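Given next are the chains, with one letter for each unit.
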Amino acid sequence: MGLQLGSYELLHVFSFLGARDLLCAAQVDKVWNEVSKTKELWRAPQMTLGTQTWKQYYLCRSELEFRMESGRPEKDFTCKALAGHKGQIDELAYISTNECRFDGQEESVVCTVSSDGTVRAWDLHEGTEIWSSPLQPAALVNLVTYPRLKLVVTVDARGRIKVWRVENGQEGAAFSLPAPSSALEACDHPEGPSLLAACADGALYALAVPRLELLSRVSVFPSSPTSLLRSPGCQWVFASSQNSDLGPKVFHTRSLLCPSDDEPPVSTTLPVWLTARACWAPGEAARLMVMHRNDGGVQLGITTYELGAKKSRDGVDILVQQVASFLLPDTMMPPHLMKGHGSQVILLVSGSELVLFTIHGLQLAAFQDHQRPITSVWVVSGRPPTRIALPAFGATSPPHSAFHFKGQSRVVTSSFDLSLRVYVWSKEDKFPVLKSCYHLLGGSHRWASGFTHVESNSMSIVGVEARSIGTSILRSYYFQVQRG
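Residues numbered from 1 in each chain as written. Predicted model: local features only at pLDDT ≥ 70, side-chain atom pairs only at ≥ 80, totals over all residues. Heavy atoms only, no water.

A. Structural context of the overall build of the chain. Helix and strand content of the chain: 5 helices and 34 strands. When each of the 484 residues of the chain is scored for burial, the buried share is 51%. Contacts spanning at least 24 positions in sequence make up 51% of the contacts within the chain whose residues lie at least 6 apart. Counting every atom, the chain has about 22300 Å² of accessible surface; 50% of that belongs to carbon and sulfur. (Helix = DSSP H or I, 4+ residues; strand = E, 2+ residues; numbered from the N terminus. Buried < 20%, exposed > 50% of the residue type's maximum accessible area, 1.4 Å probe, protein only. Contact = heavy atoms within 4.5 Å. Areas by Shrake-Rupley, 256 points an atom, 1.4 Å probe, with all protein chains shown as cover.)

Here's what the structure looks like:
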């Protein structure tokens, strides 16, 4: 007679199984099947289930990720064209959260701004326009969203910033910059939601959201348009200008949001010049990769820095440590797009080529999937479901969450060849491997000149398709699973 395990012992053993093995164990007999249904084995924190069980959620989520990796037309996704703007779409952003739901309440909502002077909200699931703003005095050129607050903030070509409620398009507070805006960054900081706006005159404004009250103003690069990049945790803000002889700066965000009457915001200047591009490593709280010219001003290189803050008698000191640095190959065209993945990988776009390097300069892959130049690249951070440790055998506390869903990691590129390309990350050896999966095609080349932007969330991909007559439409690809 073999040893018969009780329900608690089986639960402990099952806590070490992956999801697929757990599904196999459920087929052994009635007892194993019942134990495998224990909700603690499947629980994922901070997820909205509705009437589903955790097991049902996992099965739906696994099917969704399979469909997004396969990309079979009509089987895995529905494609819809969303028209309404009478001008070019200059920017778009998701306003819905990145949460996966399979209870009939799922949504994918994006907002767009256009040269036609309107901001609009779109339901990608239904393929419909939700609302359109009244015509504004000037073309709208940029926007940022606050999914938690259900707000979108726009700026027009004259520097007029305005808040809009996503539910109904109602106008909120407004703030006028003295010159056109060169960059916007939404910042969900512990001190409160805020907006960072860079001006064409080189000034940086910090505004409280939703009332757009001025928190601070600092001159960064006098008379030079400034670019902004906030860190993943909003602790840091990187500011640079290609028209200035000054090196790029990093600001401690809290000092911008809670300024001192006697001291300027806390910042430091990085020891590089002729900055071309930069990005933050999404897998780290304060890792910054900067593309710049070398000392001779001839070759392009990428230097990676780790930032830290140390309290001192005078306030806060910024600590900067160089982690890695390398020169790009002489044969490579200067990249025009740069993104980070995890903590070690840099994605560069040069013409129609997508190239991956480590922060130490090891080339991991190069893709030539597009026939014409790549116009944008979107990196969806996350990872497939992973285990969360359960209490040791014999512990008196009940099992905790077994699976944690962070979303599938993928990369989507858009191109003037009127296609989007989808790539999926997989972990192999020391570094992740990017796999090229499939194309998503746009409309007719007779009417369209290519895709100019692309974004993605956990359930959809949306691109801006430029039309030859000077307008743009949205083309959405919505992935949906069968709820049983």
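B. A look at unusual backbone geometry. For the bond running from Val-209 to Pro-210, omega is 20 degrees, close enough to zero to count as cis. Mapped onto the elements of the fold, Pro-210 is located in the loop between β12 (203-208) and β13 (213-219). For Leu-274, which is not glycine, the phi dihedral falls at a positive 50 degrees. Examined against the element boundaries, Leu-274 turns out to sit in the loop between β17 (267-269) and β18 (275-280).

C. Main features of the packing of aromatic side chains. Overall, the coordinates contain 6 aromatic pairs when judged by the stated rule. The interplanar angle of 70 degrees and the centroid separation of 5.5 Å between the aromatic rings of Phe-14 and Trp-32 together place this pair among those described as edge-to-face. Taken together, the residues Phe-14 in helix α1 (residues 7-14) and Trp-32 in helix α3 (residues 30-36) connect sequence positions 18 residues apart. Between Phe-326 and Phe-357, the aromatic rings sit 5.6 Å apart at their centres with planes inclined by 35 degrees, giving tilted as the arrangement. (Phe/Tyr/Trp six-rings, centres within 6.5 Å; stacked < 30°, edge-to-face > 60°.)

D. Focus on the pattern of salt bridges. A full pass over the atoms with the stated rule returns 15 salt bridges. Salt-bridge contacts for Glu-69 lead to Lys-435; the nearest nitrogen and oxygen are separated by 2.6 Å. Pair noted here: Glu-69 is in helix α4 (residues 54-70) and Lys-435 is in strand β31 (residues 431-441), with a separation of 366 residues, a long-range link. Accessibility expressed as a relative area gives 41% for Lys-435, which makes it partly exposed. A salt bridge links Glu-171 to Lys-162, with the shortest nitrogen-to-oxygen separation between them at 3.2 Å. By relative accessible area, Glu-171 is classed as partly exposed at 38%. Each member of the salt-bridge network shares a partner with another, and the members are Glu-63, Arg-67, Arg-72 and Asp-76. (Salt bridge = Lys/Arg side-chain N within 4 Å of Asp/Glu carboxyl O.)

E. A look at the sheet that holds strand β19 (residues 287-293). The 4 strands lie next to each other as β18-β19-β20-β21, forming an open sheet whose pairing is antiparallel. The open sheet has two free edges, formed respectively by β18 and β21 (315-327), since each of these has just one partner strand. For this sheet, the mean angle separating the axes of adjacent strands, direction not counted, is 25 degrees. Inspection of the sheet shows β19 paired to strand β20 (residues 300-312) by 7 bridges, in the antiparallel sense. In the strand pairing of β20, Met-289 is matched with Thr-304. (Pairing = 2+ DSSP bridges. Axes fitted to C-alpha atoms, helices over the stretch in contact; angles between N-to-C directions.)

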